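What the coordinates show
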Amino acid sequence: MARYDLSTTPLGTLLADPDVKAILEKHAPGVTSNPMIGMVSGMPAQQAVGMAGGFIGQDAVTAIMDEVGALE
């Protein structure tokens, strides 16, 4: 079973997990320290990461969602 339901888990919850933070930094260096991340931290992760596609690229979004979704 997956560690998180990305459609309902807030991005802020994911950012508190060192495994998720490492995945985000691997695919989008600097994203976890970007001041704008606080504005979307209450959003479901799937929505927040999806919105980031214009900034970090769709390939990075797909990789992040796949890797975080695979965490158990």
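Residues numbered from 1 in each chain as written. Predicted model: local features only at pLDDT ≥ 70, side-chain atom pairs only at ≥ 80, totals over all residues. Heavy atoms only, no water.

Before going further, it helps to spend a moment on the overall build of the protein. Secondary structure assignment for the protein yields six helices and zero strands. From first element to last, N terminus to C terminus, the protein shows the α and β order α-α-α-α-α-α. Over its C-alpha atoms the protein spans a radius of gyration of 11 Å, differing by no more than 12% from the 11 Å that the globule rule assigns to 72 residues. Taking the principal axes of its C-alpha atoms as reference, the protein extends roughly 30 × 25 × 20 Å. Looking at the protein alone, contacts between residues at least 24 apart form 62% of all its contacts between residues at least 6 apart. When the accessible surface of the protein is totalled, it reaches about 4,200 Å², and 59% of it is carbon and sulfur. (Helix = DSSP H or I, 4+ residues; strand = E, 2+ residues; numbered from the N terminus. Rg over C-alpha atoms; globule rule 2.2 N^0.38 Å. Contact = heavy atoms within 4.5 Å. Areas by Shrake-Rupley, 256 points an atom, 1.4 Å probe, with all protein chains shown as cover.)

Turning to the packing of helix H2 (residues 18–27) against helix H6 (residues 58–70), a few remarks are in order. Interaxial distance between H2 and H6 falls to 9 Å at its minimum, and their mutual angle equals 160 degrees. Here H2 is positioned roughly antiparallel relative to H6, judged by the angle of their axes. Here H2 and H6 pass one another in a crossing that is right-handed. Residues Val20, Ile23, Leu24, Lys26 and His27 of H2 form the contact with H6, whose own contacting residues are Ala60, Ala63, Ile64, Glu67 and Val68. Per-class residue counts for the contact of H2 with H6 are seven nonpolar, one polar and two charged. (Axes fitted to C-alpha atoms, helices over the stretch in contact; angles between N-to-C directions. Parallel < 35°, antiparallel > 145°, perpendicular 65-115°, else oblique. Left-handed = near helix turned anticlockwise from the far one by under 90°. Nonpolar A, V, L, I, M, F, W, Y, C, P; charged D, E, K, R; others polar.)

Across the protein, the average pLDDT comes to 91, with 100% of residues at or above 70. Across the protein, element-level confidence peaks in H2 with a mean pLDDT of 96 and bottoms out in helix H5 (residues 53–56) with 78. (pLDDT = per-residue confidence, 0-100.)

Our focus in this paragraph is H2. For H2, the set of buried residues is Val20, Ile23 and Leu24. Down the axis of H2, the smallest arc covering the buried residues is 95 degrees, so these residues share one side. Facing away from the buried side of H2 by more than 90 degrees, the exposed set consists of Pro18 and Lys26. In this fold, the buried residues of H2 make contact with helix H1 (11–15) and H6. Its side-chain oxygen 2.8 Å from the backbone nitrogen of Asp19, Asp17 forms the N-cap of H2. (Buried < 20%, exposed > 50% of the residue type's maximum accessible area, 1.4 Å probe, protein only. Arc of directions from axis to C-beta. Polar contact = N/O pair within 3.5 Å; in protein donor to acceptor, adjacent residues only side chain to side chain.)

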